[in-house]
Amino acid sequence: MVADRDMRRRSTPRRPRGWSLLRSALFGLVAIVLLFDRSARAESSSYAVAKHSTPQVWCPSETRRVAVTFRNTGARAWSPKTHDRVSYHWRDTQGGMVHRDGLRTDFDAEVAVGAHAEVLAKVTAPSTPGSYVLVWRMLTEGAGWFPEPVSYTHLTLPTTPYV
């Protein structure tokens, strides 16, 4: 009986000394690679708003479709397959965030580096009347926002709805 127990112990592979240290180092390396991949993707992803037809006056909580043309100034193509999308943020006139993570709009097709693409972005205005800054943004869903552009659209929401 003692011999059987000894045989079972020997047949179970033993982990080498320092296994937990090696395992921790491997997990750390994987985390660093994932973070590097995310930052490299952000650095290779940039854009410019070439033109837009954003109305200057909106009613509170109004939703509209706005034609926006983006130029791919990055080092990689944008694609619906990689979940590259158009969105927006609303800021107050001092730059404070009013609404983050606006509605998403997909591209119809891949956008090559240096190419332009027009989308009809769906936008909902803030619910409170006032002056706001609309910031067109791009993101890769699940990976993060592209670096912020340098131009913004200043809009005023009237205190009474127009007809």
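Scroll up to find the structure this text is about.
A quick note: this is a predicted structure, and the numbers were derived from the prediction, not measured. (Residues numbered from 1 in each chain as written. Predicted model: local features only at pLDDT ≥ 70, side-chain atom pairs only at ≥ 80, totals over all residues. Heavy atoms only, no water.)

A. Main features of the side chain of Asn-72. Along the chain, Asn-72 falls in strand β2 (residues 63-72). The class of Asn-72 is buried, set by a relative accessible area of 1%. In terms of polar contacts, Asn-72 uses its side chain to reach the backbone carbonyl oxygen of Arg-76, at 3.0 Å. Non-local contacts of Asn-72, meaning those with residues more than four positions away in its chain, are made with Ser-46, Ala-77, Trp-78, Val-111, Ala-112, Val-113, Gly-114 and Ala-115. (Helix = DSSP H or I, 4+ residues; strand = E, 2+ residues; numbered from the N terminus. Buried < 20%, exposed > 50% of the residue type's maximum accessible area, 1.4 Å probe, protein only. Polar contact = N/O pair within 3.5 Å; in protein donor to acceptor, adjacent residues only side chain to side chain. Contact = heavy atoms within 4.5 Å.)

B. Quick look at unusual backbone geometry. For Ser-61, which is not glycine, the phi torsion reads 65° and is therefore positive. Relative to the elements of secondary structure, Ser-61 occurs in the loop between β1 (47-52) and β2. Classification of Ser-61 as partly exposed rests on a relative accessible area of 43%. Look at Asp-101: it is not a glycine, yet its phi comes out positive at around 65°. Structurally, the position occupied by Asp-101 is in the loop between β4 (97-99) and β5 (105-106). For Asp-101, a relative accessible area of 39% corresponds to the partly exposed category.

C. Region of the structure containing the packing of aromatic side chains. Within this structure, the stated rule accounts for nine aromatic pairs. Aromatic side chains Trp-58 and Trp-90 sit 6.2 Å apart centroid to centroid with 85° between the ring planes, which places their arrangement in the edge-to-face category. Here Trp-58 is found in the loop between β1 and β2, whereas its partner Trp-90 is found in strand β3 (residues 84-92), with 32 residues between them in sequence. Residues Trp-58 and Trp-90 agree in their burial class; the two are buried. Measuring from centroid to centroid gives 6.2 Å for Trp-90 and Tyr-132, while their planes differ by 80°, and the two rings are edge-to-face. One end of the pair, Trp-90, is in strand β3; the other, Tyr-132, is in strand β7 (residues 130-140), with 42 residues separating them in the sequence. (Phe/Tyr/Trp six-rings, centres within 6.5 Å; stacked < 30°, edge-to-face > 60°.)

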